[in-house]
Every structure is written in C-alpha cells, then in structure tokens.
Amino acid sequence: MVMRAENTAVLLGLGSSLGNRKRHLELAARILNVHPRIDVIRSSRIYSSVPHGGVAQGAFWNVVLKIETDLSPEGLLEVCHQVEARVGRRKTIRWSDRTIDVDILMMGDIQRAWQPDIDLTIPHPRFLERDFCVIPAREIAPDAIHPAKNCTLQELNLDHDGTPRPIGCLQY
C-alpha cells in the first residue's frame, strides 16, 4: 500500500438490505473506527430508501460516514472490501440485496477515472444521482467540496425523487 503524506477527509456510503440492517451498519462503522489508519469523525442518521437497479427486494438502510485517513485510494478500497467480508457480504448479482456495502463517495479533492485493473472511480460515479447518499452526506459535511463540480454539497442543485427518510442513529 502507498501511504499518503497527510490525512484526507473521506465520505463513505454504507448500506444494508438483509438481516439486522442496523447491526450490520454499526458493525461496519465499529470495524472502520478501530482501524489504526482511519478515524471516524462523524456519522449521518440512518436513512431508509427503496432499492435501485431492479434486483434487490428489501428496503436499504443507509448512512454516510465522514472519516480521515492517510491510506491511498487503493488502500482504502481494500479496507472497505475487508469490512464487507467481515460483516458477511457475499458477492452475488449486481444491485442485489446484501448484508453490507461500503463505497468511497468522495476522497478529498481526488478525481480518479475508472481503470480496468482496479474497480474504483472517485468521486463515486453515481453519488450525485442517489438521494440516499447525497442527503446524509449533506447532513454531516455540507461544506465538503465535490471535486468534479467545484462547489459544496450544500450548493449542488439536485432534483431527485424517492427521498429517503431518517429512521434512527448509529451507535458504534
């Protein structure tokens, strides 16, 4: 892994649609919080949203975490995959129900195009299309600057349907 010289603020999107969704979200947040190179700074409330992609059946519960880390994008992606595995995620059909999903939504001012050798695009390519990501991200980081749009999350003019509703808070 390549270390970054300083900590970078990151927004992570967590979602769960199987089993004890709150427990899965809290466990993922706890695992991230004890990682020696990650500091969980803040968590949004838990939001309930309808599934996207036409495959998943259960309602998703989503949170956004603001973290700081000195990990590289590749290193953080590896940690996200490790967290998913520890919480019990099994890779199946794209957009299907899952115990946990951990996505890098934004990572400081980094902009990275998708490359075939590593499945990572920063900012997340569908971040601004998903109310279940944007609304909780605005809740905890309204002044975060989206690097591709060059404005704060609060300033973004987005018009979406299917607004998620807050249903609780994480305890990690």
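Our subject is the structure that appears above.
Reference entry: report on the structure contained in this document.

Definitions and limits used
Residues numbered from 1 in each chain as written. Predicted model: local features only at pLDDT ≥ 70, side-chain atom pairs only at ≥ 80, totals over all residues. Heavy atoms only, no water. Helix = DSSP H or I, 4+ residues; strand = E, 2+ residues; numbered from the N terminus. Buried < 20%, exposed > 50% of the residue type's maximum accessible area, 1.4 Å probe, protein only. Polar contact = N/O pair within 3.5 Å; in protein donor to acceptor, adjacent residues only side chain to side chain. Contact = heavy atoms within 4.5 Å. Expected span 1.5 Å × (residues − 1). Salt bridge = Lys/Arg side-chain N within 4 Å of Asp/Glu carboxyl O. Axes fitted to C-alpha atoms, helices over the stretch in contact; angles between N-to-C directions. Parallel < 35°, antiparallel > 145°, perpendicular 65-115°, else oblique. Left-handed = near helix turned anticlockwise from the far one by under 90°. Nonpolar A, V, L, I, M, F, W, Y, C, P; charged D, E, K, R; others polar. Core = buried A, V, L, I, M, F, W, Y, C linked by side-chain atoms within 4.5 Å.

Here Asn62 is to be found in strand S4 (residues 60–71). The exposure class assigned to Asn62 is buried, which follows from its relative accessible area of 4%. Separated by 2.8 Å, the side chains of Asn62 and Ser49 make a polar contact. Excluding residues that lie within four positions of it along the chain, Asn62 makes contacts with Leu14, Gly15, Leu25, Arg45, Ile46, Tyr47, Ser49 and Phe132.

Compared with an ideal rise of 1.5 Å per residue, which puts 14 residues at 20 Å, helix H1 (residues 21–34) spans 20 Å between its outermost C-alpha atoms and is within 8% of the ideal. Among the residues of H1, those classed as buried are His24, Leu25, Glu26, Ala28, Ala29, Ile31 and Leu32.

Counted under the stated rule, the structure contains six salt bridges. Glu139 serves as the salt-bridge partner of Arg45, at 3.4 Å between the closest nitrogen and oxygen. Here Arg45, found in the loop between strand S2 (38–43) and strand S3 (46–49), pairs with Glu139, found in helix H3 (residues 131–140); they are 94 residues apart in sequence, far enough to count as distant. By relative accessible area, Arg45 is classed as partly exposed at 37%.

Here we come to the packing of H1 against helix H2 (residues 73–87). Between H1 and H2, the least distance of the axes is 10 Å, while the angle of their chain directions is 135°. If you check the angle between H1 and H2, you find them oblique. Judged by the twist between their axes, the crossing of H1 over H2 is right-handed. On H2, the residues touching His24, Leu27, Ala28, Ile31 and Leu32 of H1 are Val79, Val83, Arg86 and Val87. Residues of the contact of H1 with H2, tallied by class, amount to seven nonpolar, one polar and one charged.

With that settled, the discussion passes to the side chain of Thr69. On the secondary structure map, Thr69 appears in strand S4. A polar atom in the side chain of Thr69 sits 3.0 Å from the backbone nitrogen of Leu71. Filtering out sequence-adjacent residues up to four positions away, Thr69 remains in contact with Glu6, Asn7, Thr8, Val10, Arg37, Ile38, Leu76 and Met107.

Relative to the helices and strands, His124 resides in the loop between strand S5 (101–107) and H3. With near-sequence residues (within four places) excluded, His124 lies in contact with Asp103, Ile104, Leu105 and Arg130.

Each turn of an α-helix holds 3.6 residues, which means side chains three or four residues apart point in the same direction. Across its 15 residues, H2 extends 21 Å between first and last C-alpha, which sits within 8% of the 21 Å expected from 1.5 Å per residue. Among the residues of H2, those classed as buried are Pro73, Gly75, Leu76, Leu77, Val79, Cys80, Val83, Glu84 and Val87. Downstream of H2 by one or two residues, Gly88 has phi in the positive range, about 105°.

Once that is clear, we can look at the nonpolar core. Core analysis: the biggest nonpolar cluster contains 30 residues, and Leu12, Leu65, Leu76 and Ile104 have the highest contact counts within it. Looking at this core, the elements that each hand over two or more residues are strand S1 (3–16), H1, S2, S4, H2 and S5. The element contributing the most residues to this core is H2, with six residues. The contacts of Leu65, once residues within four sequence positions are left out, are Val10, Leu11, Leu12, Leu14, Ala29, Leu32, Val40, Arg42, Ser43, Ile140 and Leu170. Of all hydrophobic cores here, the second largest spans 15 residues; its members include Leu105, Phe132, Cys133 and Ala137.

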